[in-house]
Amino acid sequence: MTLTFAVSARTVAKRQASGRAVRRTLTGWAFAGPATLVVVGLSLFPAVWAFFISRTKWNGIAEPQDIGWRNYERLAQDPDLAAAAQHSLMLTVLFVPASIVLGLLIAIALNQRIRLIGFYRTCIFVPYVASAAATGILAGYVFNPQFGVANDVLRRVGLPTQQFLENPRQALLVVCVIALWGEVGFTTVVYLAALQDVPRELIEAATVDGAGRWRILRSVTLPQLRPVTLFTTVWQTITALQLFDLIYTTTRGGPMNSTQTVVYYIYELAFQTRRLGYGAAVAYLLFAVTLLLTAVVIWRSRRSGEEAF
């Protein structure tokens, strides 16, 4: 009798625990479900619809014409797309390593015990949270060849003035500098958090063994930051490949299409020349390239045992 009662009590307890788990799950989905549906609806549905558009010839007004895979066949024969891809690649090559190195150096500097450290950290992060459109408009005034602050500084130190955003040879480099000013705060904050998680016992052991600051940084700190470096590399690569608002507010792809990236080229195709089908095909190509690069980096990182995702 006692054994039967104990078994029944355990069964009731299990059922009650299961019921509480189900209620907690339902409560969680009741709060997260509507937001999840909105996010999925605003991302998955447009992506699927864009794929169907990429197989058509459509100006957004008339009836779309199904042309199969011809838009994708044109990708390899488009010289404007090749030039835009070259600009995007150059911007990525300049932006990603510079943002990682600058972010790491600034993070190391802000990891010291100095006065007003909170103020300095805030100043570094503020440009990242500011609107990229506002950053581009402000940069347009700073680098204006006639009355910009940058040329005023060059005049005061006796250096020749520059055309900056109006020079085809300088415009992409200036855009990269502006992007760094706005994005380096992100890598700084990520590295700063990672530096504070480096085990103190490793640094103390290296110090006891007679290692200097440079040796500790090279042999202890940097190896601990490899997963973070991998994450920031992937993130900043995606940021560079998808850079649009900064270019739109500064150069509009000029001068002479010298800053026309793939994303801005997609904008011109879809919203200026009204070739929505071909623009969607270029967008899917960019998505495929970004996904492939990310997958390769993650695969290599997992093979080396340095998982960051």
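Data block above holds the structure.
Residues numbered from 1 in each chain as written. Predicted model: local features only at pLDDT ≥ 70, side-chain atom pairs only at ≥ 80, totals over all residues. Heavy atoms only, no water.

A.B. asks: Would you mind showing me how to read the overall build of the protein chain here?
C.D. replies: On a plain count of helices and strands, the protein chain comes out with 13 helices and 2 strands. Computed over C-alpha atoms, the radius of gyration of the protein chain comes to 26 Å, more than 25% over the 19 Å expected from 2.2 N^0.38 for 309 residues, which places it beyond the range of a compact globule. When the backbone C-alpha atoms are referred to their principal axes, the protein chain occupies close to 95 × 70 × 35 Å. By residue count, 35% of the 309 residues in the protein chain fall in the buried class. Looking at the protein chain alone, contacts between residues at least 24 apart form 64% of all its contacts between residues at least 6 apart. Accessible surface for the protein chain amounts to roughly 19,500 Å². Of this, 65% is attributable to carbon and sulfur atoms. Side chains of the protein chain carry 27 positive and 16 negative charges; the gap between the two charge centres is 9 Å. (Helix = DSSP H or I, 4+ residues; strand = E, 2+ residues; numbered from the N terminus. Rg over C-alpha atoms; globule rule 2.2 N^0.38 Å. Buried < 20%, exposed > 50% of the residue type's maximum accessible area, 1.4 Å probe, protein only. Contact = heavy atoms within 4.5 Å. Areas by Shrake-Rupley, 256 points an atom, 1.4 Å probe, with all protein chains shown as cover. Lys, Arg positive; Asp, Glu negative; His and termini not counted. Charge placed at Lys NZ, Arg CZ, Asp CG, Glu CD.)

A.B. asks: Help me understand a positive patch on the surface in this model?
C.D. replies: On the surface, Lys57, Arg70, Arg74 and Arg275 cluster together to form a positively charged patch. When you line up the elements, Lys57 lands in strand 1 (residues 56-57). In this structure Lys57 comes out as exposed when scored by relative accessible area, which is 58%. (Patch = residues over 30% accessible without salt bridge, like charges linked within 9 Å, V, L, I, M, F, W, Y side chains within 5 Å. Salt bridge = Lys/Arg side-chain N within 4 Å of Asp/Glu carboxyl O.)

A.B. asks: I'm lost on helix 5 (residues 132-142) in this one. Help?
C.D. replies: Within an α-helix, residues lying three or four positions from one another point in the same direction, as the helix has 3.6 residues per turn. Every buried residue of helix 5 is accounted for by Thr135, Gly136 and Ala139. The arc enclosing the buried residues of helix 5, seen along the axis, measures out at 100°, which places them on a common side. The secondary structure elements touched by the buried residues of helix 5 are helix 7 (171-196) and helix 11 (245-250). (Arc of directions from axis to C-beta.)

A.B. asks: For this particular structure, what's the right way to read a nonpolar patch on the surface?
C.D. replies: On the surface, a cluster of nonpolar side chains totalling about 630 Å² of accessible area is made up of Val40, Leu44, Phe45, Val48, Trp49 and Phe52. Relative accessible area serves as the criterion here: at 39%, Val40 is assigned to the partly exposed category.

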